[in-house]
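A structural walkthrough
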Amino acid sequence: NSSSTTKKRTMTLREGLLLGMGNPLLDISAHVPVEFLEKYGLECNLAILAEEKHLPIYEDLESQFVVEYIAGGATQNSIRVAQWMLNVPHVASFIGCVGKDKYSETLRAEAQAAKVNVAYMEDESTPTGTCAVLVTGTERTLVANISAANKYDLEHLKEPANWKLVESAQFFYISSFFLTVSPPSIQEVAKHAAANDKIFSMNIAAPFLCQFFKEPMQAALPYWDIVFGNESEAEAFSEAFEFGTKDVKEIALKMMEMPKETSRPRIVVITQGAHPTIVATEGKATEYTVEELAAEQIIDTNGAGDAFVGGFLSELVKGSGIEQCVQAGHWSARLIIQQSGCTFPSECDYK
């Protein structure tokens, strides 16, 4: 009977159902002129890891511009958005490494305010990671100095209190930025998910990761139940894995068909800004239209992709179907780009 199928599909929300693992960063965000990007040899709209020549950028920002400090890091953003949309405390948890300083205190306070349960590893010798968010018009360029986030260690994950978070979770989400930090931790969680019929999801996160971190990405790939990305990341993935196509739909279908550890059909979700979101699963690719937003309503596209994932996950953990997950993702991304940074109102009115 139909009511029992719906019952089976609706998950009961409880603490610790969703676990994210990644790089907790404090975003230092400011509106800057294009000349500021040129000064540091930065290409507009790219996300990069800070090199030696970029390190003065953080102080430069703080001394020259009005800056905002916002809890950041791709995975932590998505987890915060999912938790906000779920509106039941501590459904979402997050694991990552911070320093022992004022920035980590800010991150902890922000997480607590967002009702996310954080299990930070603390590295006293290294400052908390920061990310310069350079906003030029509606575009944003990210320069991350991941610092302490880079020190995350499998040993921390294996501590009983932290491993308990893994055992308690039914859904996992990790951005590929974490491939630069702790592939062994990713593999540990991925294998646990596969062995226990749980859902393991990742995000391609940035084009450079496909190129320079292809090996750890390839190791995690067979465990991907769901993979997120945008059109430029999909293209970079296609190039790295020699798909021989730039057609986003084709790429999504080819990603879907890549070898998989479990029999659960893989879901590939590619967002394209204002253009339709493509979802490939069970042999076909479907387009989902994005509702238009007037240019003057867009304040800052930073965090749009993270917010989309947060919205998607908030429906996924309830047992909703793909269409509802995508709709929630579109709604949260649309909301976030009308705010500065990955921030949101105190109450969520998503229906």
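Quick summary incoming for the structure in this document. (Residues numbered from 1 in each chain as written. Predicted model: local features only at pLDDT ≥ 70, side-chain atom pairs only at ≥ 80, totals over all residues. Heavy atoms only, no water.)

**Overview of the side chain of N77**
Its location among the elements puts N77 in helix α4 (residues 74–86). Ignoring anything within four residues of it in the chain, the contact list for N77 reads A71, G72, D306 and C342. (Helix = DSSP H or I, 4+ residues; strand = E, 2+ residues; numbered from the N terminus. Contact = heavy atoms within 4.5 Å.)

**Regarding helix α14 (residues 322–336)**
Given a rise of 1.5 Å per residue, 15 residues ought to cover 21 Å, and the 21 Å separating the end C-alpha atoms of α14 matches this to within 8%. Among the residues of α14, C325, V326, A328, G329, H330, S332, A333, L335 and I336 are the ones counted as buried. The secondary structure elements touched by the buried residues of α14 are α4, β13 (275–281), β14 (284–288) and α13 (304–316). (Expected span 1.5 Å × (residues − 1). Buried < 20%, exposed > 50% of the residue type's maximum accessible area, 1.4 Å probe, protein only.)

**Quick word on the nonpolar core**
The biggest cluster of nonpolar side chains holds 62 residues, and the ones touching the most others in it are L157, F200, M217, W224, F237 and M255. It is helix α12 (residues 248–257) that contributes the most residues to this core, five residues altogether. When residues no more than four places from it in sequence are discounted, the contact partners of F237 are I204, C210, M217, L221, W224, F243, M255 and M258. Formed by 50 residues, the second largest nonpolar core is a distinct cluster that contains Y40, Y58, A132 and I226. (Core = buried A, V, L, I, M, F, W, Y, C linked by side-chain atoms within 4.5 Å.)

**Points about the packing of helix α11 (residues 231–240) against α12**
Contact pair α11 / α12: the axes reach a minimum separation of 10 Å and the direction vectors enclose 60°. As judged from the angle between their axes, α11 and α12 are oblique. Our pair here, α11 against α12, has a crossing hand that is left-handed. Facing E231, A234, E235, F237 and S238 of α11, the residues of α12 in contact are V248, I251 and M255. (Axes fitted to C-alpha atoms, helices over the stretch in contact; angles between N-to-C directions. Parallel < 35°, antiparallel > 145°, perpendicular 65-115°, else oblique. Left-handed = near helix turned anticlockwise from the far one by under 90°.)

**A short note on the sheet that holds β14**
With mixed pairing, the nine strands of this open sheet are ordered in space as β6-β5-β1-β9-β10-β11-β12-β13-β14. The open sheet has two edge strands with one neighbour each: β6 (117–122) and β14. The mean angle between the axes of side-by-side strands here comes to 15°, regardless of whether they run parallel or antiparallel. Looking at chain direction, strand β5 (residues 92–98) and β6 are connected through six bridges and run parallel. Looking across to β6, one finds that F94 is bridged to V118. Along the sheet face, helix α5 (residues 102–113) touches β5 and β6 and points at about 165° away from the line of β6. Most of the contacts of α13 go to strand β11 (residues 226–230), to which it runs at about 155°, and overall it touches β1 (18–21), β9 (171–175), β10 (199–203), β11, β12 (267–272) and β13. (Pairing = 2+ DSSP bridges.)

**What about the pairing of β13?**
Among the seven residues that make up β13, five are buried, leaving the element largely enclosed by the rest of the structure. Pairing analysis gives four bridges linking β12 to β13, with the strands arranged antiparallel. Bridge pairing links V268 to A280 in β13. Linking β12 back to β13 in an antiparallel pair, the connection comprises two residues, with G273 at a positive phi of about 60°. One ladder, built from five bridges, connects β13 with β14; its direction is antiparallel. By the bridge assignment, T277 is partnered in β14 with Y288. Taken together, β13 and the strand that follows it, β14, pair antiparallel across an intervening segment of two residues, in which E282 is found at a positive phi of about 45°.

**Side note on the packing of aromatic side chains**
Each aromatic ring pair is described using two quantities: the centre-to-centre distance and the angle formed by the ring planes. Going through the model one piece at a time under the given rule, you end up with 17 aromatic pairs. When the ring of Y69 is compared with that of Y103, the centres are 6.1 Å apart and the planes differ by 40°; the resulting orientation is tilted. Within this pair, whereas Y69 is found in strand β4 (residues 68–72), its partner Y103 is found in helix α5, the two being separated by 34 residues in sequence. Look at Y103 and you get buried, because its relative accessible area is 16%. Between F208 and F213 the ring centres are 6.5 Å apart and the planes differ by 75°, which places this aromatic pair in the edge-to-face class. The class for F208 is buried, based on a relative accessible area of 16%. Residue classification places F213 among the partly exposed positions, given a relative accessible area of 23%. Among the aromatic residues, those joined into a ring-pair cluster are W84, W331, F344 and Y350. (Phe/Tyr/Trp six-rings, centres within 6.5 Å; stacked < 30°, edge-to-face > 60°.)

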